[in-house]
Amino acid sequence: MAKSKKKSKSALQYIKYGSVIMAIVGLIMTAFTFVHYGDTVFSGFNVIFGYTGTIGSTVTVSTQILLFSILALLAILLPLIGAFSILFKNKIIRLVGALMMLAGTILCFLIPNFVVFAETIAAGVIQAAGASLGIGAILAGVFFGIGTLCSLYAVIEK
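Residues numbered from 1 in each chain as written. Predicted model: local features only at pLDDT ≥ 70, side-chain atom pairs only at ≥ 80, totals over all residues. Heavy atoms only, no water.

Draft legend 1. Focus on the overall build of the protein chain. When its secondary structure is counted, the protein chain shows six helices and five strands. The burial tally for the protein chain puts 40% of its 158 residues in the buried class. Put simply, of all contacts in the protein chain between residues at least 6 apart along the chain, 68% involve residues at least 24 apart. (Helix = DSSP H or I, 4+ residues; strand = E, 2+ residues; numbered from the N terminus. Buried < 20%, exposed > 50% of the residue type's maximum accessible area, 1.4 Å probe, protein only. Contact = heavy atoms within 4.5 Å.)

Draft legend 2. Fine view of the sheet that holds strand β2 (residues 40–43). The three strands lie next to each other as β2-β1-β5, forming an open sheet whose pairing is antiparallel. With one partner strand each, in any of the chains shown, β2 and β5 (131–133) form the two edges of the open sheet. If you compare each strand with its neighbour and ignore which way they point, the axes differ by 25 degrees on average. (Pairing = 2+ DSSP bridges. Axes fitted to C-alpha atoms, helices over the stretch in contact; angles between N-to-C directions.)

Draft legend 3. Highlighting the nonpolar core. The biggest cluster of nonpolar side chains holds 30 residues, and the ones touching the most others in it are Phe-34, Val-47, Ile-111 and Phe-117. Counting residues per element, the ones that place at least two in this core are α1 (2–28), β1 (33–37), α2 (44–49), β4 (61–66), α3 (70–85), α4 (91–109), α5 (121–127) and α6 (135–157). With seven residues, α3 is the single largest residue contributor to this core. (Core = buried A, V, L, I, M, F, W, Y, C linked by side-chain atoms within 4.5 Å.)

This is how it looks when you write it as structure tokens:
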């Protein structure tokens, strides 16, 4: 009987670490395409921290296209902070961490709404194409969602 209890506790520890691993994998997904605007694609780091691109074929001009987006940063940071808060022993901190992961998961699927364009002609042309989610944002949201489920299980079971 004592062996099964130890095994159950061990499984709970693995679930907590699974939440952290899913959050880290979701962070890695920011290196991939997050947002499509017609033929133009932006990675997660470009969407979060801004992007300066070049326009023109014979004469190239460097222009600011994307600006820093605080909501896109929160979409990535909330699940990371929430996953690491699952490692604490306090049940309220774990619950808050699980809710942070849930909020980050929802924000991740709303990333195209958080893209901040600069006031340039090139940015206006790209913005007119309309936004759609990229594969990086979809995968990050899925990994964050799995991490949310793991963290909710860790809150309920212990």
